[in-house]
Structure formats: C-alpha cells, structure tokens
Amino acid sequence: MATPTDLPPEFTQTHTVVDAEADTTAGPHDVTMETIVELCKRRGIIFQSSEIYGGLRGAWDFGPLGAALKDNVKVAWKRSMLQLRDDVVQLDASILMHPRVWEASGHVEGFTDPLVECTNCNQRWRADHLEPNKAGEIFCPNCGNKEFTDPKAFNLMFKTFVGPTEDTSAQVWMRPETAQAMFVDFAHVQLTSRQKIPFGIAQVGKSFRNEITPRNFIFRVREFEQMEMEFFVRPGTDERWHDYWISQRWDWYVEHGLRPENLRIRPHATDELSHYAKATVDVEYRFPFAWSELEGIANRTDFDLRRHSEFSGRDLSYFDQANDERYVPYVIEPAAGVDRSALAFLVDAYREDEAPTAGGKVERRTLLKLHPSLAPIKVAVLPLSRNDKLVPTAREVNDLLKPNVVTQYDDAGAIGRRYRRQDEIGTPYCVTVDFETVEEDRKVTVRDRDSMGQDRVAIDQLVGYLAERLPRC
Ligand code: GAP
C-alpha cells in the first residue's frame, strides 16, 4: 500500500500538452539557425571541431564562452536536482562499462536506426529523416535520385577495445546514455547514501551515438552531454511521479528563460515508445527548423532493474522496512541534453532591437537575453578609454568584483562597440569607469543589458548592488 511518503508533493501544473501527432512545423521565428551558427562562430562560443583539418561531421567545440554557458546549464540543473532536494544523490560513473550492461539494457540488440543508401551517389541516410513529398516519394537530398537500398538496422553505439588486443573479447562500447550506470549501481548507491524510496540518482556526463545524419548544428551530434536522473519509486505510484517530474522539468526551463509559448509537452504514441517505457513525454522546443525534442521524460517501469538482476545474477530489489515489504522499484527518468538545452537557451535569448549611438542616432543591436545564471560573463568592466587616469580605478573595480562574479575586463575600442559586444554575448551588466569616477565621485555607471537603463553606483556599494540583481551568479 502506498503511503503519503511514497507520493510526490503537491504541485501546480502550468505546462501545455499537445497530441502525439502534433504538427512539428516551427512557423515564423525570431532567428534562423544560420544566424545562430554565425554568431556562435564569430564570438567563439561554438565552432567546428578540428576546423583546420576541414572539421569532423557531428563534432563541435565549445570555446571560452560556450564552455562557460554549458557549465552554467549543468550547474543550474544540478542546483535544482541536487542542491534544492534531499531525495536525489549524484553519481559520476565510467563511460566504459562491462559489455554485458548493453546486452541487458537492450542496446546491443535494439539501439538502431534504419539506414538506407542512395543507389546513385551512395550517400547513406536515416530512412525516417527523409521527408516524403506530397506524392509520398522520397528523394536523395544529395543527388535527387529516388532509388534507395532496403532499410537496414544500423547500431548507433561506438565500439572500442580495452587493452592491446582488438578482438571481440576485448570489445566494449562507448556509452550511448548515462542512465545505465544508475541502474547498475542502484543497490550500492542506495545503501551507502542511506536513501529510502522514493529517491533519485542524477548524473551529468558525455554520451556517444554514431548518428547516421548528425544535423542542425549542436542539436544532433555524435558526442554530447546528458543530464539524466533516475527516480526510483514504489510500483503503483509511478504515474503520479511521472506527472510530477514533467511539471518540475517544464518549470526549470521556464525559470531559466525559455518562453512558455516555445515549449510544449508531447506524449509519445504507443508505437513510438521505447522497449522499456510504459509512457514517455518529450519536452519539445520550437527550434527554428521544427518543434523538436529537448528532453524525454519516461516511465521506465522496473524493466532496467529486472534485466540487470537477470543478467548479473544480483538481486536489485528493495526492502521497504516501514511496510515490511520487498519490491523492484519503478523508475521515472527525466533525460535532458546539455548541448540541446544550450542551443534552446541561445535561440530563445536571441533578440534584435535598436540602441542609441554616441552621435545621437540609433543603430540595430543584437542581444542575447540569457538568464543571468546562464550568461557566460556576468559583468563587463569597461574603462571609458585606455587613458592612464582611468585604468587603475577600472582594474580596482574588476578586482573588487572578481571574487563575487565572473567578469570580463575590456578596454579595446569605442565604448559603444564594447557595449554591443557584451550585449551580443549576453552579459547582463556593464560597469563603466569614466573621468567623473576618478576625479569627482568614485561612482561608476552600471548599464542594464535589456533595458539599456543606467545607474550611477558608488564603488563601495557596487558588490551589494550587483548581488541583488544577480542572485545565484
Ligand atoms: N536515457 C534515455 C535517453 O538517453 P534520449 O531521448 O535518447 O533518452 C535524452 O536522450 C536526451 O539526450 C535528448 O532529449 C537530447 O536532449 C539528448 N540527446 C540524445 N541524442 C542526442 C544527440 N545525438 N545529440 C545531442 N543531444 C542528444
């Protein structure tokens, strides 16, 4: 019998749900993917891997600002999953695991996509990604040919070998999801962390999938990071917990700046469900190319724990002392992608508006209206010029702020251009040191990225002023 402690706390549902078959057309968007890719390259946020050698398909590098953005996404996720909760603990497991793990999970047998080859140019495609025309015909996107080989199941897991021999006994897989370690380690983590069901295990880490057609920038890549949490519950309470986690995850995206009108929850149709799932919903985001999955939230039942018990011979059931009862827990899994989330946050933050110039005109400006907790740089410190009188005070202000927030000191170029640069990378505040600061009042000008409003703030009040406006930064 479920008791109140087995059930989720009360919550208010604010999310929008659509049908499994909902139209995926994105409609008019504020920004194109080309603009985002260009901005990311120009500002060193994200760019092609191994670019000097011509790049590698499906692999991208996160430069200084992109790495910080990704870190901030992970910190925000861990804050909500771990820091603010008592019922979730962390795991950092190996990427390489015993090969039997992937037999038990079903990945060796079934983690496949349908691969077809164009009979003319021999390009290979994922069959379900080829868009049919109105007559239902599909064409090779490379050469326009209509003839393809029959679809064949292509396993997405990357193979490698442990040790010096490259034979099947030494073969292991690069994990295609972080989830399995949380099932395999379930009993050990539960015992040593003294958690009682319901509780969760959360993990952030790299996963690898040999996608047939990586595409849409960092949306579908071959190496990516996941933020997954396996929440173990008493069977019978699983549907309530599934609803609860859908709501929690929706709120997280909205709290961190995604506009609710660009988000929706789409339940999977029965024929779309993974082999382990009783029910799954996707949190979908309106990317410029289509409504697409940002995160999957699945009710994985007791499938994984049962399979690992069977394959390893270890009992992975749970003894509920309060009810003197043993059962195999059900699992609710919110599984998000760091790269995909970062892309959604970038797309949603992109704005163009008009800003006054020093000469009294207006010019177009681009800004990333990122949530401050996600912004790579929180405060830019800008001396009005490189004048010797200004530099020591500007450096002093930068040193004062550095222990509290991530700053960037920038003295290169006209002040207007430096504001534009900071707007474009999403810096919430610019602090300017001018001649009045050093000659008259020891006050700086603090400029707000979104409103472009300016306040004069005394240097000795600056840390408090910014702390109020940049909580959790
Ligand atoms: N453990 C369940 C699982 O892995 P999934 O829907 O395959 O479920 C979860 O993956 C999330 O991981 C996706 O919603 C997406 O954000 C991210 N993801 C999956 N494949 C990806 C890829 N090839 N490139 C970028 N992100 C990916």
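Residues numbered from 1 in each chain as written. Predicted model: local features only at pLDDT ≥ 70, side-chain atom pairs only at ≥ 80, totals over all residues. Heavy atoms only, no water.

(A) Just the pattern of salt bridges, in detail. Considering all chains together, one arrives at 49 salt bridges under this definition. The salt bridge partner of K206 is E223, with a shortest N-O separation of 2.7 Å. Placement of K206 in strand β9 (residues 199–208) and of E223 in strand β10 (residues 223–233) is noted, with a sequence separation of 17 residues between them. In this structure, E325 and R234 form a salt bridge, with 3.3 Å as the shortest nitrogen-oxygen distance. Taken as a pair, E325 in strand β15 (residues 325–327) and R234 in the loop between β10 and α7 (238–255) lie far apart in primary sequence, 91 residues in all. Salt bridges here are not isolated pairs; linked through shared partners, they connect D353, E363, R365, R420, D423 and R447. (Salt bridge = Lys/Arg side-chain N within 4 Å of Asp/Glu carboxyl O. Helix = DSSP H or I, 4+ residues; strand = E, 2+ residues; numbered from the N terminus.)

(B) Just the packing of aromatic side chains, in detail. A full pass over the atoms with the stated rule returns 18 aromatic pairs. An aromatic cluster is defined as three or more aromatic residues linked by ring pairs; in this entry it consists of F11, F231, W241, Y244 and W245. Sitting over the face of the ring of Y419, R447 holds its NZ or CZ atom 4.3 Å from the ring centroid. (Phe/Tyr/Trp six-rings, centres within 6.5 Å; stacked < 30°, edge-to-face > 60°. Lys NZ or Arg CZ within 6 Å of the ring centre and 35° of its normal.)

(C) The pairing of strand β22 (residues 443–448), seen in detail. Sheet topology note: the strand β21 (residues 429–433)/β22 ladder contains 4 bridges and is antiparallel. Paired with T432 across the strands is T445, a residue of β22. Sheet analysis places β22 next to strand β23 (residues 454–458), joined by 5 bridges and oriented antiparallel. Following the sheet pairing, K443 is matched in β23 by A458. Connecting β22 to the antiparallel partner β23 that follows it, the hairpin turn spans 5 residues, and M452 within it adopts a positive phi of roughly 60 degrees. (Pairing = 2+ DSSP bridges.)

(D) Main features of the site of the ligand. Around the ligand, 20 residues are found, and the nearest of them are E177, E211, V221, E228 and E293. Contacts to the ligand include E333, whose side-chain N or O atom sits 2.9 Å from a nitrogen atom. The separation between an oxygen atom of the ligand and a polar main-chain atom of G337 is 3.0 Å. Here the ligand loses 91% of its free accessible area of 550 Å² to cover by the protein chains. Secondary-structure elements contributing two or more residues to the shell around the ligand are β10, β13 (291–301) and β16 (330–337). Counting residues per element, the shell around the ligand draws most heavily on β13, at 5 residues. For the shell around the ligand, the residue count by class is 7 nonpolar, 3 polar and 10 charged. (Near = heavy atom within 4 Å. Polar contact = N/O pair within 3.5 Å; in protein donor to acceptor, adjacent residues only side chain to side chain. Areas by Shrake-Rupley, 256 points an atom, 1.4 Å probe, with all protein chains shown as cover. Nonpolar A, V, L, I, M, F, W, Y, C, P; charged D, E, K, R; others polar.)

(E) Here's a closer look at the packing of helix α10 (residues 391–401) against helix α13 (residues 462–469). Contact pair α10 / α13: the axes reach a minimum separation of 10 Å and the direction vectors enclose 50 degrees. Viewed along their axes, α10 and α13 adopt a mutual orientation that is oblique. The crossing of α10 and α13 is right-handed. Side by side, α10 and α13 meet where V397, L400 and L401 of the first sit next to L462, V463 and L466 of the second. Its residues assigned to classes, the contact of α10 with α13 shows 6 nonpolar, no polar and no charged. (Axes fitted to C-alpha atoms, helices over the stretch in contact; angles between N-to-C directions. Parallel < 35°, antiparallel > 145°, perpendicular 65-115°, else oblique. Left-handed = near helix turned anticlockwise from the far one by under 90°. Contact = heavy atoms within 4.5 Å.)

(F) The sheet that holds strand β12 (residues 279–286), seen in detail. Pairing within the open sheet is mixed, and its 7 strands lie in the order β3-β9-β10-β16-β13-β12-β11. Of all the strands in the sheet, just β3 (88–90) and β11 (263–267) have a single pairing partner and so form its edges. Pairs of neighbouring strands in the sheet enclose a mean axial angle of 25 degrees, with direction left out of account. Two elements, β11 and β12, share 5 bridges in a ladder whose sense is antiparallel.

(G) Up close: the pairing of strand β18 (residues 362–368). With 7 bridges connecting them, strand β17 (residues 350–356) and β18 associate as antiparallel partners. Counted as the bridge partner of E354 is R364 from β18. Hairpin connection between β17 and β18: a loop of 5 residues separates the two successive antiparallel strands, and G360 in this loop has a positive phi of roughly 85 degrees.

(H) The side chain of H129, seen in detail. By the secondary structure assignment, H129 is in the loop between β5 (124–126) and β6 (152–155). When residues no more than four places from it in sequence are discounted, the contact partners of H129 are T213, R215 and R220.

(I) View of the nonpolar core. Counting residues in each nonpolar core, the largest one holds 59 residues, and the members touching the most others are W245, Y253, L294 and L343. Per-element tally for this core: the top contributor is helix α9 (residues 338–349), with 8 residues. (Core = buried A, V, L, I, M, F, W, Y, C linked by side-chain atoms within 4.5 Å. Buried < 20%, exposed > 50% of the residue type's maximum accessible area, 1.4 Å probe, protein only.)

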